[in-house]
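# Chain and residue survey
Listed below are the residues making up each chain.
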Amino acid sequence: MREKFDQVKGGFIGIAYGDAFGMPAEMWSRELIQKKLGYIKTFLPGHPDNRISAGFAKGEVTDDTINSILVTEMLSENGGRVDAQVFIKKLRYWMKHSDKSSAVVGPSTAKALELIEAGTPMEEAGSTGTTNGAAMKIVPIGLLAGYNSKEGGDSDYLLHQVIELCRPTHFTSCAISAACAIAAGAAAAVHGEKDLSKIYEYMTEMAEKGSAYGNSIGSPSVACRMKMARHFTEQEPQKALKDIYDYVGTGISSAESIPAAAALFYLSEGDPAVCAEYAANIGGDTDTIAAMACGICGAYKGAESFKTEDIELLERTNAISFTELTEKLLGNTTC
């Protein structure tokens, strides 16, 4: 199981790596990124002109990584099963004690938490959440599913745990569909699948399954957009990035950023460093797209695919240990 441990650890590194790499340009257009930052090829501090990333240090992560850590803690404390109430409690604590949470917490999550605080049942509170806030924190569920799965995978575990985590903030058909796709990519990578096409097909399959759950809401199909996005990856990379940005979209909508992230995983051939570079320069929700896509890439390539100095930067800047996170996720779970 040592190889799988390395892949799970790689998934955690990938989340933080992509998050920090894409952070400086978050929500800027492709044109503005080029004007303000040129072509991003390395970790940079947040840009003073960016209302979201201003004040962030080089290598610092955002809510994408923080939420993934909170999910990991919840899974560890609950035998590998989602307890949405525990997660919400952890999220509230972080928001209360972080001086940067107000700048990065997404609209669906913020709205749902207000409703829950006012006494609204969880499913109702999350019944309008269509953004990528569910998918951005879902990779740990996929890592655990892939680690524990036997031959053929564990799609039922993955599907039901994703639904439970989406319940309080993103209980909509499109958000659940999107989260299923990202979790499936991480699960297939850890399980040992090396064929990129098969991983992508499994992500699309799980997106289709996930779309049958939650509040059915008017939204483009995540699965269909994933199929369209893959078509664009057949071009040279820079043309592919432009077409994904123009036709699929890279905004906070689940129907945009998740197909974009899936396509960048495929376009980069599972290489987390290449994927992070693509995501940081594509425009839109760069940090979240990078966190999701690089989380899958990291699980695909493993922890040893990252440079030691980059891992040290991420751990030092954010006071986290990827080995400890991996042990926490895998140590006390029985899914």
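Before reading on, note that the structure itself is shown above.
Here we summarise the structure given alongside this text. (Residues numbered from 1 in each chain as written. Predicted model: local features only at pLDDT ≥ 70, side-chain atom pairs only at ≥ 80, totals over all residues. Heavy atoms only, no water.)

Let's shift gears to the nonpolar core. Core analysis: the largest hydrophobic core is formed by 112 residues, its most contacted members being Ile 182 and Leu 264. When residues no more than four places from it in sequence are discounted, the contact partners of Leu 264 are Leu 241, Ile 244, Cys 275, Tyr 278, Ala 279, Ile 282 and Ile 289. (Core = buried A, V, L, I, M, F, W, Y, C linked by side-chain atoms within 4.5 Å. Buried < 20%, exposed > 50% of the residue type's maximum accessible area, 1.4 Å probe, protein only. Contact = heavy atoms within 4.5 Å.)

Following the sequence through the fold, Arg 167 ends up in the loop between α9 (155-166) and α10 (173-191). Here Glu 164 takes part through its side chain, which lies 2.5 Å from a polar atom of the side chain of Arg 167. Apart from the residues within four sequence positions on either side, Arg 167 is in contact with Met 122, Glu 123 and Gly 126. (Helix = DSSP H or I, 4+ residues; strand = E, 2+ residues; numbered from the N terminus. Polar contact = N/O pair within 3.5 Å; in protein donor to acceptor, adjacent residues only side chain to side chain.)

Bringing the pattern of salt bridges into the picture now. If the charged atoms of two oppositely charged side chains come close together, the side chains can form a pair. In total, this model carries 8 salt bridges according to the counting rule given. Between Arg 167 and Glu 164 there is a salt bridge, and its shortest N-O distance comes to 2.5 Å. Judged by its relative accessible area of 29%, Glu 164 is partly exposed. We note a salt bridge from Glu 208 to Lys 227, for which the minimum N-O separation is 3.2 Å. Placement of Glu 208 in helix α11 (residues 196-210) and of Lys 227 in helix α12 (residues 222-232) is noted, with a sequence separation of 19 residues between them. Judged by its relative accessible area of 48%, Lys 227 falls in the partly exposed class. Among the charged side chains, a network of salt bridges with common partners joins Glu 73, Glu 77 and Lys 90. (Salt bridge = Lys/Arg side-chain N within 4 Å of Asp/Glu carboxyl O.)

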